[in-house]
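Observations on the model geometry
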Amino acid sequence: MLGNMQQQPLLVSSLIEHAARNHPRAELVSRSSEGPLHRTSYGAVAQRARQAANALVRMGIKPGDRVATLAWNGYRHMELYYAVAGMGAVLHTVNPRLFAEQLEYIVNHADDEVVFFDIGFAPLLEQLAPRLPNVKCYVAMTDRQHMPSCVLPKLLCYEEWMGAESADYEWPMLPEDSACALCYTSGTTGNPKGVLYSHRSTVLHAMAACTVDGMGLGAAETALVVVPMFHVNAWGMPYAGAMCGAKLVFPGPALDGASVYALLRDEGVTLALGVPTVWLALFRHVEQEKLRPRAELLLGRVLIGGSAAPGAMIATFAEVFGAEVIHAWGMTELSPLGAVCRLLPRHAALGPAGKMRLREKQGRAVFGVAMKIVDDEDRELARDGKASGRLLVRGPWVAAGYYRGDGGEVLDADGWFDTGDVATIDPDGYMHITDRAKDVIKSGGEWISSIDLENAAMGHPAVAEAAVIGVAHEKWQERPLLVVVLKAGAQASGAELRAHLEGKVASWWLPDDVQFVEQLPHTATGKLQKMKLREMFRDYRLPA
Ligand code: AMP
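All values reported here derive from a predicted model rather than from experimental measurement.

Let's shift gears to the overall build of the chain. A count of helices and strands for the chain gives 17 helices and 25 strands. For the chain, the C-alpha radius of gyration of 23 Å lies close to 24 Å, the compact-globule estimate for 544 residues. Based on the C-alpha atoms only, the size of the chain along its principal axes is roughly 70 × 65 × 50 Å. Burial analysis of the chain (544 residues in total) assigns 58% to the buried set. Long-range contacts, defined here as pairs at least 24 residues apart, represent 67% of the contacts in the chain between residues at least 6 apart.

Under the counting rule described, the total for this entry stands at 14 aromatic pairs. Measuring from centroid to centroid gives 4.9 Å for Phe 283 and Phe 317, while their planes differ by 65°, and the two rings are edge-to-face. On the criterion of sequence distance, the pair formed by Phe 283 in helix H11 (residues 276–288) and Phe 317 in helix H13 (residues 311–321) is long-range, its members being 34 residues apart. The class for Phe 283 is buried, based on a relative accessible area of 12%. Residue Phe 317 is classed as buried on the basis of its relative accessible area, which comes to 0%.

Attention now moves to the sheet that holds strand E15 (residues 337–341). The nine strands are arranged E2-E1-E11-E10-E12-E13-E14-E15-E16 in an open sheet whose pairing can be described as mixed. The open sheet terminates on both sides in strands that have one partner only, identified here as strand E2 (37–41) and strand E16 (364–365). In this sheet, E15 lies alongside strand E14 (residues 324–330) in antiparallel orientation, the contact comprising four bridges. By the bridge assignment for E15, Trp 329 is matched with Ala 339. The strands that helix H10 (residues 257–266) touches are E2, strand E10 (222–225), strand E11 (247–250) and strand E12 (271–274); relative to E10, the one it contacts most, it runs at about 170°.

On to the state of the cysteines, then. Two cysteines, two sulfur atoms, one covalent bond between them: this is a disulfide. Within this structure, the stated rule accounts for zero disulfides. Between Cys 210, a cysteine without a disulfide, and Cys 244, which holds the nearest cysteine sulfur, the sulfur-to-sulfur distance is 4.1 Å. The exposure class assigned to Cys 244 is buried, which follows from its relative accessible area of 12%.

A pair can form between side chains of opposite charge whenever their charged atoms are brought close. Within the structure shown, the criterion is met by 30 salt bridges. The partner of Arg 359 in a salt bridge is Glu 324, and the shortest N-O contact between them spans 3.2 Å. On the criterion of sequence distance, the pair formed by Arg 359 in helix H14 (residues 352–359) and Glu 324 in strand E14 is long-range, its members being 35 residues apart. Overall, the relative accessible area of 26% leaves Glu 324 in the partly exposed class. Across the salt bridge formed by Glu 454 and Lys 530, the nearest N and O atoms sit 2.7 Å from each other. Residue Glu 454 is located in helix H15 (residues 450–458), and its partner Lys 530 is located in helix H17 (residues 530–536); the two are separated by 76 residues in the primary sequence.

Note that Val 151 resides in the loop between strand E6 (137–140) and strand E7 (155–157). Taking the C-alpha atoms as reference points, Val 151 and Ala 365, 214 residues apart in sequence, are found 48 Å from one another.

Two elements in contact, helix H1 (residues 12–22) and helix H2 (residues 42–58), have axes whose closest approach is 8 Å; the angle formed by their N-to-C orientations is 135°. The pairing of H1 with H2 is recorded here as oblique in orientation. The chirality of how H1 crosses H2 is left-handed. Contact with H1, carried on its side by Ile 16, Glu 17, Ala 19 and Ala 20, involves Tyr 42, Gly 43, Val 45, Ala 46 and Arg 50 of H2 and no other residues of that element. Broken down by class, the residue content of the contact of H1 with H2 amounts to six nonpolar, one polar and two charged.

Okay, the site of the ligand next. Taken together, 16 residues are adjacent to the ligand, and Ala 328, Thr 332, Gln 362, Asp 421 and Arg 436 come closest. Between the ligand and the protein, one listed contact pairs an oxygen atom with a side-chain N or O atom of Thr 332 at 2.6 Å. Gln 362 is positioned with one of its side-chain polar atoms (N or O) 2.8 Å from a nitrogen atom of the ligand. Top element by residues in the shell around the ligand is E14. It accounts for four residues.

Criteria and thresholds
Once a new chain begins, its residue numbering starts again from 1 and follows that chain's sequence as written. Owing to the predicted nature of the model, reporting of local features is limited to residues with pLDDT of at least 70; listing and counting of side-chain atom pairs is limited to 80 or more, with chain, interface and lining totals taken over all residues. The side-chain quantities take in all heavy atoms of the structure and omit both hydrogens and water. A run of DSSP states H or I qualifies as a helix once it reaches four residues; a run of E qualifies as a strand once it reaches two. Both are numbered from the N-terminal end. In this treatment the radius of gyration is a C-alpha quantity, and the globule benchmark scales as 2.2 Å times the residue count to the 0.38 power. Each residue is placed in one exposure class: buried if its accessible area under a 1.4 Å probe, protein chains only, is under 20% of its type's maximum, exposed if it is over 50%, and partly exposed if it falls in between. Only heavy atoms matter for contacts: two residues are in contact if any of them lie within 4.5 Å across the pair. Side-chain rings of Phe, Tyr and Trp, where Trp is taken by its six-membered ring, are said to pair if the distance between their centres is within 6.5 Å; with planes under 30 degrees apart they count as stacked, over 60 as edge-to-face, and otherwise as tilted. Two strands pair if DSSP finds at least two bridges between them. Think of each axis as a best-fit line through the C-alpha atoms, taken over the contacting stretch in the case of a helix, with angles from 0 to 180 degrees between the N-to-C directions. For the purposes of this analysis, a disulfide is any pair of cysteine sulfur atoms at a distance within 2.5 Å. Salt bridge criterion: a side-chain nitrogen from Lys or Arg within 4 Å of a carboxyl oxygen from Asp or Glu. Orientation categories follow fixed angle ranges, with anything under 35 degrees roughly parallel, anything over 145 roughly antiparallel, 65 to 115 roughly perpendicular, and all other angles oblique. By convention, the crossing between two helices is left-handed when the near helix turns anticlockwise from the far helix through less than a right angle, and right-handed when the turn is clockwise. Gly is placed with the polar residues, together with every amino acid not listed as nonpolar (Ala, Val, Leu, Ile, Met, Phe, Trp, Tyr, Cys and Pro) or charged (Asp, Glu, Lys and Arg). Put simply, a residue is near a molecule or strand once any heavy atom of it comes within 4 Å of that molecule or strand. N or O atoms within 3.5 Å of each other form a polar contact, as long as, within protein, one can give a hydrogen and the other can take it, and as long as residues adjacent in sequence are counted only when both atoms are side-chain atoms.

Printed below as a string of structure tokens:
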């Protein structure tokens, strides 16, 4: 027997229309590419998104066409999120930090019709355009006064392109499984792979983000969205924000510590979201300028994911900022939210060290994402917090495959997606990532967690950043090498760092050597680039 309830497709356009009706005055503040801070509202964004949808139709964009953006976080980017998806086309958010060859590959692979771009990317596009034969038009996301002087085929000005259009536009009732957005993973090997989100997966994911134990977003929050709109849709914030009417603050291209701090302070930010590397820059600024964030900021929570949040970072936010770090785990293929770490009431009885051990975990699965860990024979492992194995996930906002099938089969016979991460899961469901499967260090038949070692090393006051890689060893197969970037002006010897790690990790995990470097290689999304690091140390031999 069927239920007797209304059938309504879950559509991205319904989010912005909901916001226009119920949160019309809630603010969106953007650091614009032109320089000044720009203020708008969900009501105005909805109106301009409808204008932009009319302009897309006029330009000949049809449902299913791919429309690219090469842009920082800002209100025009948000308008395109809704205009493009809402009218049935697919918003392809391109990560401008990728190498030119990768950019060329993904724009051609996606077969983008139009590229919308922030003016700062004009020189990059000028170089690329001759290699993008299918792009029919480029739109600079600015007004006439700030148009970049560049040579691009069919170059338009955003404000002129959409400004003259009517705001009367009826969003089409699309099937909810239609594609709405496309984001390529910045994998370290092979070509980037496209993850194609649907309207349904996006709306369901936004609902999960708004739940208290998800991201806990609500109308009372002012969220600083440092995580880029070109990386997994800024963790879904443009959608979740419209769903609940949170004030959103977009930092544009200014991600340095001083700019981020000014936005936190001046906009009364209560929740900030970003990967660990951006917070390291913020900490440096606070330390150098001797600022007092606890007294000056309203920051209550910081959502950190994308890479492990080291304990030292969690502690600095608590002590210096008075803010709680909420550690989260996800990936492009998961829209991205998979797990969020919040403590349970009974954890209140734990001491500081016990609480920290939990906070360093990536957390419990949000409803909608099922998780399990398996061994090399695909047998499910115990959820005892000790057994570690490949992390598999399944759910309505998990990818079922890659765009155009380029990336191979991704699901097993039962529909589980292999995340490529290695994790433990404890009896309460707290999942802890110990490594990327390809980064685990195999020593004497056992695994050493490079992430746990890195986190412990980052707890040393002289360490700015740490990475651990496995180095070939005659007897043990592999042994850990700790590679460290020291804070400006700080001093520490390898022996001191090893001594610092003693007692924090199993004694046989202690790195055989410590090397110091000026900086560590990062991917386009701020992750440690271990492959590159292993290359850098290819000829390195451990001390006898
Ligand atoms: P991406 O698709 O670029 O967002 O990368 C996803 C990958 O980032 C995951 O598979 C993990 O390896 C890593 N990752 C994301 N969040 C965390 C976290 N909180 N701790 C450790 N690794 C993480």
